[in-house]
Amino acid sequence: MSRNRHTDTAPERFEILLVPEHVEGEDTLPSPTRAAIRSAVVAATGETGASGYPRYAGAGMVADIDPETRTVEALLVDGAELDYGLTVRIADTAVPPHGGRGTGPVV
């Protein structure tokens, strides 16, 4: 288990949203939170991913996230890379310490 400077100050949890690409930047469409086809609360694993950023995992997603910019640098969904036509976002809302919402498909 490797650690770096990012893991000492990184948030413990993030909510990841999988959003169709056509939603990105469209003012007339629903917010990414409402348009998400899947979301997951991921928690810090204490490991550093191949990208050099802290690794987070939960609800079938494993992500390397830059905590300073809130950018997802790498992502596996159910063990596979992200499908074409989908993009990933970090939810703007804070995630409660013990999970909270967003651990499965959005209905």
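To start, this report covers the structure provided alongside it.

Calculation notes
- Residues numbered from 1 in each chain as written.
- Predicted model: local features only at pLDDT ≥ 70, side-chain atom pairs only at ≥ 80, totals over all residues.
- Heavy atoms only, no water.
- Helix = DSSP H or I, 4+ residues; strand = E, 2+ residues; numbered from the N terminus.
- Buried < 20%, exposed > 50% of the residue type's maximum accessible area, 1.4 Å probe, protein only.
- Core = buried A, V, L, I, M, F, W, Y, C linked by side-chain atoms within 4.5 Å.
- Contact = heavy atoms within 4.5 Å.
- Pairing = 2+ DSSP bridges.
- Axes fitted to C-alpha atoms, helices over the stretch in contact; angles between N-to-C directions.
- Salt bridge = Lys/Arg side-chain N within 4 Å of Asp/Glu carboxyl O.

**Regarding the environment of Gly-52**
Positionally, Gly-52 belongs in the loop between β2 (38-48) and β3 (54-58). Using a relative accessible area of 29% as the deciding quantity, one classes Gly-52 as partly exposed.

**Points about the nonpolar core**
The biggest cluster of nonpolar side chains holds 14 residues, and the ones touching the most others in it are Ile-16, Val-42, Met-61, Ile-65 and Leu-75. Breaking this core down by element, the ones donating at least two residues are β1 (13-20), β2, β4 (61-66) and β5 (71-77). For Leu-75, the contacting residues outside a window of four places in its chain are Ile-16, Leu-18, Met-61, Val-62, Ala-63, Ala-80, Glu-81, Leu-82 and Val-88. In terms of nonpolar packing, the next biggest core, distinct from the first, is built from five residues, Leu-17, Ala-35, Ala-36 and Ala-91 among them.

**Description of the sheet that holds β4**
A sheet is described by the order of its strands in space; here six strands give the open sequence β5-β4-β3-β2-β1-β6, paired in antiparallel fashion. At either margin of the open sheet sits one strand with a lone partner, and together these are β5 and β6 (86-90). Neighbouring strand axes in the sheet, compared pairwise and without regard to direction, differ in orientation by 30° on average. The pairing of β1 with β2 spans six bridges and is classified as antiparallel. Note that in β2 the partner of Glu-15 across the bridge is Val-41.

**What to know about the pattern of salt bridges**
Within the structure shown, the criterion is met by two salt bridges. For the salt bridge of Asp-78 with Arg-38, the shortest nitrogen-to-oxygen distance reads 2.7 Å. In this pair, Asp-78 sits in the loop between β5 and β6 while Arg-38 sits in strand β2, placing the two residues 40 residues apart along the sequence. Residues Asp-64 and Arg-55 are paired through a salt bridge, measuring 3.0 Å at the closest nitrogen-oxygen approach. Among the residues examined, Asp-64 registers a relative accessible area of 2% and is labelled buried. Taking the relative accessible area as the measure of exposure, Arg-55 reaches 24% and is therefore partly exposed.

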